[in-house]
Structures are given as structure tokens and as C-alpha cells.
Amino acid sequence: MPGRSSSNSGSTGFISFSSIESALSSLKNFQTCINTGMDTASSVAFDLVETQSQISFLCMHVAIQLSQLCSFSNEWSWYHVKTEVSSEYSMDKAMIEFAMMDRELNHYVKAVQSAINHVKEERPENIPDLKLLVEKKFLALQNKNSDADFQNNEKYVQFKQQLRELKKQYGLQADREADGPEGVDEDMIVTQSQTNFICPITQLEMKKPVKNKVCGHTYEEEAIVRMIESKQKRKKKACCPQIGCSYTDVKMCDLVQDEALRRAIESHNKRRHRHSE
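Draft legend 1. A look at the overall build of the chain. When you go through the chain residue by residue, the secondary structure sums to 8 helices and 3 strands. Reading the chain from its N terminus to its C terminus gives the helix and strand order α-α-α-α-α-α-β-β-α-β-α. When contacts within the chain are restricted to residue pairs at least 6 apart in sequence, long-range pairs at least 24 apart make up 65% of them. Of the roughly 17,800 Å² that the chain leaves accessible, carbon and sulfur atoms contribute 52%.

Quick look at the structure:
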């Protein structure tokens, strides 16, 4: 019978799924490689934003000086901007490629599992061509692909959100949208957002901030984890500690590392340290 062990391995009515399921389990481990790749691409993109913020002020003054000496300053400035956009676009493209690999891997795993379940449930007298069956189910899933799928990829969504947040922290225009006057004062931007650096639980500046995917608030990782665990021991739900928030069931799975905020805090502290010297 399908899925049942037997010493008569030559029987046409017998098939063992143990080796297939073992291979499938190994295939799922490739998910770790994809996640690592997405984390690396995100980190590089954030580094590019930080570098851009550090040299933008210098480039602006260099461009002014060049404009007084020659006529190609605008061309030089445009090359600088184009290089920044191109580098950032490359990381965005890499994230999309990783998301596509993730989608394809998930579809293949679903196709194999579906084929196994089909044979187990139907128990056909003649064993079907499993490879053909898997390919048929895989193509059916792939035919439903759309660009909207990326909005369901958690890491890609987090990447786009944190990239926007990091640009705001540094006073850079997200996606080159002119939503304010040029030459925004970086210190003013940091001052306005500095309240976001404080954990609502500890009332101290955060070192390892995590964001709640549901309500969008951030906390010090150790503090929120300790609060959730304490509530769970008493069989109670953990409410979001941010004043005014109505979310009343914060879970561990709601929390994601807020890399953009962590970098902004570190950058702010470095500037503050330089100014105090």
C-alpha cells in the first residue's frame, strides 16, 4: 500500500516516501541560505544610506565650489546622485531576486507535499510518475505568480519599510521624492525623531530596538521579551506599553529587529560624541 513499509520493494503497489520526505526536509534548509542572503543585501543597502548621509553635506559644498570654477559641476553632481541611486537599486533588485527564489522554493515544496498526499489518499493500483505529477502541480502554482506576491514576503516588506525609516532619520528624501526644502538640517531631523530612541518600558535609549509588526511601536528587545514572558507565566496577555496604543496581545512572533532605528541611534551617539570632544 502507498506510504506503507514492506520487504517486497519490487511490488508495483508499494512506494516508500521516507527518502522523498528526507530530501524535502533538506531542501527546506535552503530557506536559511535565502534568509541570510536577504539579511546581507539589507545590511549593504543600509550601509549605502549611511554613507550617502555622511558625504551628502560634503558633496553639496564641493559642488558649490566647483560651480564657481567651472561649468561641469551640475554634471558631476548628477553623476554622484546617479551612482547612489544605482547602488541602492542594485540592492533592491537583489532583494527581489531572493524573494523570487523564496517563492519558487515554497512552491516546489508545496508541489512535492501535494503529490505525496495525493498518492497516499488515492492509493492507486499503478504508481503514477511522481516527477511528472510534481512538475504539473509546481507549474500550476507558478502560473499564479504576480508582483503583488512580494508584498507577502516578510523580509522584503521589512527591508522597504526600514530603508524608508533610515532615510527619514538621516533627512534624506525617500525614493527621490521632493517632499521638503533642499539642504535639510540633519541635526534638526535627529532632534525631531529622538523621542523614538526611548524605550516605552525602560524609558532609556534603546540599544537593540525591535518593532511590533502589528502596531508599529518599538521597544528595547530584552525589556519587551521579559514583559511578554512575565505575562505568559501568569496566563495573561501583554499589552503594548506605548501610551495610547490599543493593541492588547503582543506576542514574540510580532517582534522584528529594527535595524534602521538601531543604526540611527548609533549614528546619533557618534555625532554627539564628536561634538563633545
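Draft legend 2. Representation of helix α5 (residues 154-169) within the structure. Here α5 spans 22 Å end to end across 16 residues, near enough to the 22 Å set by a 1.5 Å rise per residue. The N-cap of α5, judged by a side-chain oxygen 3.2 Å from the amide nitrogen of Lys155 a few residues on, is Asn153.

Draft legend 3. Main features of the sheet that holds strand β1 (residues 209-212). Taken in spatial order, the 3 strands make up an open sheet running β2-β1-β3, and their pairing is antiparallel. This sheet does not close on itself; its edge strands, each paired only once, are β2 (218-220) and β3 (255-257). Taken pair by pair, the neighbouring strands of this sheet meet at an average axis angle of 40 degrees, ignoring direction. Inspection of the sheet shows β1 paired to β2 by 3 bridges, in the antiparallel sense. Residue Val210 lies in a different strand from β2, and its bridge partner there is Tyr219. The strands touched by helix α7 (residues 221-233) within the sheet are β1, β2 and β3, with β2 carrying the most contacts at an inclination of about 90 degrees.

Draft legend 4. Representation of the pairing of β1 in the model. Judged by which residues are buried, β1 turns out to be covered on both faces: Pro209 and Lys211 on one side and Val210 and Asn212 on the other are all buried. Here β1 folds back onto β2, and the loop between the two strands holds 5 residues, one of which, Gly216, carries a positive phi near 85 degrees.

Draft legend 5. Region of the structure containing the packing of aromatic side chains. Under the definition given, this model contains 3 aromatic pairs. For the ring pair Tyr108 and Phe138, a centre distance of 5.8 Å and an interplane angle of 75 degrees mean the geometry is edge-to-face. Of the two residues, Tyr108 sits in helix α3 (residues 73-122) while Phe138 sits in helix α4 (residues 130-142), which places them 30 residues apart along the sequence. Taken together through their ring pairs, the aromatic side chains of Phe46, Tyr156 and Phe159 make up a single cluster.

Draft legend 6. The environment of His118, seen in detail. With respect to the element layout, His118 can be found in helix α3. On the basis of relative accessible area, His118 is assigned to the partly exposed category, the value being 34%. Placed 15 residues apart in sequence, His118 and Leu133 show a C-alpha to C-alpha distance of 9.5 Å.

Draft legend 7. Quick peek at the pattern of salt bridges. Evaluated as defined, the whole model comprises 11 salt bridges. Notably, a salt bridge pairs Asp47 with Arg263, separated by 2.6 Å at the nearest N-O pair. Within this pair, whereas Asp47 is found in helix α2 (residues 30-69), its partner Arg263 is found in helix α8 (residues 259-276), the two being separated by 216 residues in sequence. With a relative accessible area of 6%, Arg263 lands in the buried category. Among the ionic pairs, Arg226 bridges to Glu222, the shortest N-O distance being 3.4 Å. Separated by 4 residues within a single helix, Arg226 and Glu222 lie in helix α7, roughly one turn from each other. By relative accessible area, Arg226 is classed as partly exposed at 46%. Taking the relative accessible area as the measure of exposure, Glu222 reaches 57% and is therefore exposed.

Rules behind the numbers
Residues numbered from 1 in each chain as written. Predicted model: local features only at pLDDT ≥ 70, side-chain atom pairs only at ≥ 80, totals over all residues. Heavy atoms only, no water. Helix = DSSP H or I, 4+ residues; strand = E, 2+ residues; numbered from the N terminus. Contact = heavy atoms within 4.5 Å. Areas by Shrake-Rupley, 256 points an atom, 1.4 Å probe, with all protein chains shown as cover. Expected span 1.5 Å × (residues − 1). Polar contact = N/O pair within 3.5 Å; in protein donor to acceptor, adjacent residues only side chain to side chain. Pairing = 2+ DSSP bridges. Axes fitted to C-alpha atoms, helices over the stretch in contact; angles between N-to-C directions. Buried < 20%, exposed > 50% of the residue type's maximum accessible area, 1.4 Å probe, protein only. Phe/Tyr/Trp six-rings, centres within 6.5 Å; stacked < 30°, edge-to-face > 60°. Salt bridge = Lys/Arg side-chain N within 4 Å of Asp/Glu carboxyl O.

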